[in-house]
Amino acid sequence: MTRQSMGAEFQTDTDTEVVAYLLARHCRDGMRRQEAMRAMLKRVRGAYALAVLFEDDPSTIMAARNGPPLAIGHGDGEMFLGSDAIALAPFTNEITYLIDGDWAVVGNSGAHIFDFDGHPVERPRHTSRAAADLANKGNHRHFMEKEIYEQPEDFAAYPLNAVAISSMLWWRPIRSCFTSSRRSDTSHSPGGDNYVSDIDIENAITQRRVQMSLR
């Protein structure tokens, strides 16, 4: 699928504009919002974590994950979307992670999750151990900027032997994730000996940050 074949005039060079164009075109063709979302996801390729708002229904967010992490936060009469539990920690500690291929319709009172083929699915809800103070951006504009500027300090906090040990410890979950993504029986559903869930990785990161804060 190319821009020329779609017959569209795009205003930017970003991939995300293609998502908005497809959704708008499907809605003009008479599809309902959920139908348009599913049809759009059938056409796009690559890695994404999407949050979609429709102008005529601002209380509903549609979300989709393929690759990058995406989590739904459960509040009291309100719902949230974020990359992980640490980003959502200032708002809630009740988290549901989407897995690759999932998409969801998120409203004020809850979320409905579907797999890639549009079938309703249930994903486990976790109580996160991430603390809000660990998610503080400080004086930075966003978390990515904060982590970039904190890298020298993080490395300086550990002697070289600790860095070597942590590299060996972290290699296993990273390798397991890659192995899982290549296996057809585990790429879209938790399970299997090599599966490492988002909540496992989140807990490891939280524990690591707590250890750093105590030094």
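1. Side note on the sheet that holds strand β5 (residues 94–97)
Okay, so step 1: One open sheet accounts for four strands, arranged β4-β3-β5-β9; its pairing is antiparallel. Edge strands, defined here as strands with exactly one partner in the open sheet, are β4 (79–82) and β9 (125–127). Put simply, the sheet's adjacent strands are angled 30 degrees from each other on average, direction ignored.
Okay, so step 2: Where strand β3 (residues 71–74) and β4 come together, four bridges link them in antiparallel fashion. The residue of β4 that forms the bridge with A71 is G82.

2. Here's the deal with helix α2 (residues 16–28)
Okay, so step 1: Between its first and last C-alpha, α2 extends 19 Å over 13 residues, near the 18 Å set by a 1.5 Å rise per residue.
Okay, so step 2: Listed in full, the buried residues belonging to α2 are E17, V18, V19, Y21, L22, L23 and H26.
Okay, so step 3: Immediately beyond the C-terminal end of α2, within one or two residues, lies G30, with a positive phi of roughly 105 degrees.

3. Quick look at the nonpolar core
Okay, so step 1: Counting residues in hydrophobic clusters, the biggest one holds 20 residues, and the most contacted among them are L23, M37, M40 and L41.
Okay, so step 2: Taken together, the elements giving at least two residues each to this core come down to α2, α3 (33–43), β1 (48–54), β2 (57–66) and β6 (103–106).
Okay, so step 3: Here this core takes five residues from α2, the largest share from any one element.
Okay, so step 4: Discounting residues that sit within four places of it in the chain, L23 has contacts with A36, M37, M40, V52 and F54.
Okay, so step 5: Listed in part, the eight residues of the second largest apolar core include A63, I72, M79 and A104.

4. Describing the sheet that holds β2
Okay, so step 1: The strand order across the open sheet built from five strands is β1-β2-β6-β7-β8, with neighbouring strands paired in antiparallel fashion. The open sheet has two edge strands with one neighbour each: β1 and β8 (120–121).

5. Examining a nonpolar patch on the surface
Okay, so step 1: A cluster of nonpolar side chains, namely M144, I148 and Y149, defines an oily patch on the protein surface of about 390 Å² accessible area.
Okay, so step 2: With respect to the helices and strands, the residue M144 is situated in helix α5 (residues 143–156).
Okay, so step 3: On the basis of relative accessible area, M144 is assigned to the exposed category, the value being 61%.

6. Describing the packing of α2 against α3
For any two helices packed against each other, the geometry is given by the interaxial angle and the distance between the axes.
Okay, so step 1: Following both chains from N to C, one finds α2 and α3 inclined at 135 degrees, their axes separated by 9 Å at the closest point. Here α2 is positioned oblique relative to α3, judged by the angle of their axes. The two elements α2 and α3 cross, and the hand of that crossing is right-handed. Contacts between α2 and α3 involve V19, L22, L23, R25, H26 and C27 on the former and, on the latter, A36, M37, A39, M40 and R43.
Okay, so step 2: Looking at the contact of α2 with α3, its residues break down into eight nonpolar, one polar and two charged.

7. Some remarks on the environment of V19
Okay, so step 1: Inspection of the secondary structure puts V19 in helix α2.
Okay, so step 2: In this view, V19 contacts M40, V44 and L50; residues no more than four positions away in its chain are not counted.

Thresholds applied
- Residues numbered from 1 in each chain as written.
- Predicted model: local features only at pLDDT ≥ 70, side-chain atom pairs only at ≥ 80, totals over all residues.
- Heavy atoms only, no water.
- Pairing = 2+ DSSP bridges.
- Helix = DSSP H or I, 4+ residues; strand = E, 2+ residues; numbered from the N terminus.
- Axes fitted to C-alpha atoms, helices over the stretch in contact; angles between N-to-C directions.
- Expected span 1.5 Å × (residues − 1).
- Buried < 20%, exposed > 50% of the residue type's maximum accessible area, 1.4 Å probe, protein only.
- Core = buried A, V, L, I, M, F, W, Y, C linked by side-chain atoms within 4.5 Å.
- Contact = heavy atoms within 4.5 Å.
- Patch = residues over 30% accessible without salt bridge, like charges linked within 9 Å, V, L, I, M, F, W, Y side chains within 5 Å.
- Areas by Shrake-Rupley, 256 points an atom, 1.4 Å probe, with all protein chains shown as cover.
- Salt bridge = Lys/Arg side-chain N within 4 Å of Asp/Glu carboxyl O.
- Parallel < 35°, antiparallel > 145°, perpendicular 65-115°, else oblique.
- Left-handed = near helix turned anticlockwise from the far one by under 90°.
- Nonpolar A, V, L, I, M, F, W, Y, C, P; charged D, E, K, R; others polar.

Function-wise, these values are silent; they only describe arrangement.
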